Amino acid sequence: MTVLQAPKPSLVDPFGRRVTYLRLSVTDRCNLRCVYCMAEDMTFLPRAQVLTLEEMEQIAAAFVALGVNKIRLTGGEPLVRNNVLHLATRLSALAGLDELVMTTNGVLLETHADALAAAGVSRLNISIDSLRPDRFASLTRFGELPQVLKGIDAARRAGFRAVKLNCVVMKGFNDDETGDLVQFAVDNGLDIAFIEEMPLGAVTSHDRVQTLVSNVQVRQQLAQRFRLLASDDSTGGPARYWRVEDTATRVGFISPHSNNFCGDCNRVRLTAEGRLLLCLGNDHAADLRQVVRSHPGDSRRLQAAIVEAIRIKPERHYFDPSEQRIVRFMNATGG
Ligand code: SAM
Ligand code: SF4
């Protein structure tokens, strides 16, 4: 006798894309103020508006029950959220979740890397936009490069399955350092991804039209110093990868401007206040905090709200660096 198995649940949007990846912003706060991400003076969410870790866990579990198999902890800076390690331990134990990963600025990694690996975080993305201490300090407004370098070292030793560096390239700020950053990645056996700056939130420190560098240019610049081999590798995110010949390093390009990746978007984001953002470059959202707070413990209702929200996932983003269409900053979005 054949036993019919119930089909695995899945979240499919109106354009036929399966949502399998949740980026969970555990806080909008941060111990840095990167110029492309935040304004100098920021107002952060009052604590009462931020989801508790238990609420985050409930929502994450509902996503996993609906077929999501990868969760990224992000922020703000995820490591400044109290007890984030406890949340990581709980999430990594969810049946059906294949990967729990994190994006961090690395400032607190020296002390947290081992515990993160032990909590079940399998891969890390670490942001680093310059290898020159003075530049690093001005790009992050006050960050100390040696602290992040120690964090990267600790991450390498902690036994993560992979550690990748992330770099936002800006003309006149760090666009002459892409080769040195790739060499640093090669020397340390890491991957690296270059990101085109997105116009999220109003910044006064620079003009995004003037500072935008296309990843096409970055790749051409790198090709003068390294032999890059095209690759089909994917880590389930928006990066397109190239291999640096004769090394273990892959160079990824995240190109929201020059190579729109919306066609195979598999992601949604949950902000620290429980707004489910259906697209990075649009404001379509659903309030999941209201659902968990009005119906505590009601996972069916939560799942129904998520299924309903996926119906309004937009087809694509339209970024124009001369326009300030999206007022939310990246720290409030969850990168
Ligand atoms: N604080 C952590 C960090 O910096 O890695 C995680 C949160 S941060 C918002 C996630 C990623 O978004 C980082 O790699 C950061 O460089 C990137 N990012 C921030 N603002 C951006 C922007 N306006 N355009 C493109 N990438 C941005
Ligand atoms: Fe903080 Fe990350 Fe934004 Fe930099 S990019 S200000 S580290 S949240």
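Throughout what follows, the structure given in this document is the object of discussion.

## Some details on helix α3 (residues 109-118)
And step 1. Inspection of α3 places Leu 109, Ala 113 and Leu 116 among the buried residues, and these make up the whole buried set. Take α3 and look down its axis: the buried residues cluster within an arc of 80°, on one side only. Of the exposed residues in α3, the ones pointing more than 90 degrees away from its buried face are Thr 111, Asp 114 and Ala 118.
And step 2. Structurally, α3 contributes buried residues whose contacts are with α2 (84-92), β5 (99-104), β6 (123-127) and α5 (145-157).

## Focus: the nonpolar core
In a soluble, globular protein the nonpolar side chains are often hidden away together inside.
And step 1. Judged by nonpolar contacts, the single largest core of 101 residues is most densely connected at Phe 63, Ile 71 and Phe 194.
And step 2. At seven residues, helix α1 (residues 53-65) tops the list of elements feeding residues into this core.
And step 3. Dropping the residues within four chain positions of it, Ile 71 is found in contact with Leu 22, Leu 24, Ala 60, Val 64, Leu 91, Leu 97, Glu 99, Leu 100 and Val 101.

## Quick look at the environment of Arg 72
And step 1. Inspection of the secondary structure assignment puts Arg 72 in strand β4 (residues 70-74).
And step 2. For Arg 72, a relative accessible area of 4% puts it in the buried group.
And step 3. A C-alpha to C-alpha distance of 4.7 Å links Arg 72 and Arg 23, two positions 49 residues apart in sequence.
And step 4. Ignoring anything within four residues of it in the chain, the contact list for Arg 72 reads Tyr 21, Leu 22, Arg 23, Leu 24, Val 101, Met 102, Thr 103, Asn 125 and Gly 335.
And step 5. Within the structure, Arg 72 has its side chain in polar contact with the side chain of Tyr 21 (distance 2.7 Å).

## Some details on the sheet that holds β5
And step 1. Spatially, the 12 strands line up as an open sheet ordered β9-β10-β11-β8-β7-β6-β5-β4-β3-β12-β13-β14, and their pairing is mixed. Since the sheet does not close on itself, it has two edges, and those belong to β9 (228-230) and β14 (285-287), each with one partner. If you compare each strand with its neighbour and ignore which way they point, the axes differ by 25° on average.
And step 2. Both β4 and β5 contribute to a ladder of four bridges, which runs parallel. Bridged to Lys 70 within β5 is Glu 99.
And step 3. Packing of helix α6 (residues 178-187) onto the sheet brings it into contact with β7 (162-169), β8 (191-196), β10 (240-244) and β11 (250-254), and relative to β8 it is tilted by some 155°.

Procedures and definitions
- Residues numbered from 1 in each chain as written.
- Chains lettered and ligands numbered in written order.
- Predicted model: local features only at pLDDT ≥ 70, side-chain atom pairs only at ≥ 80, totals over all residues.
- Heavy atoms only, no water.
- Buried < 20%, exposed > 50% of the residue type's maximum accessible area, 1.4 Å probe, protein only.
- Helix = DSSP H or I, 4+ residues; strand = E, 2+ residues; numbered from the N terminus.
- Arc of directions from axis to C-beta.
- Contact = heavy atoms within 4.5 Å.
- Core = buried A, V, L, I, M, F, W, Y, C linked by side-chain atoms within 4.5 Å.
- Polar contact = N/O pair within 3.5 Å; in protein donor to acceptor, adjacent residues only side chain to side chain.
- Pairing = 2+ DSSP bridges.
- Axes fitted to C-alpha atoms, helices over the stretch in contact; angles between N-to-C directions.

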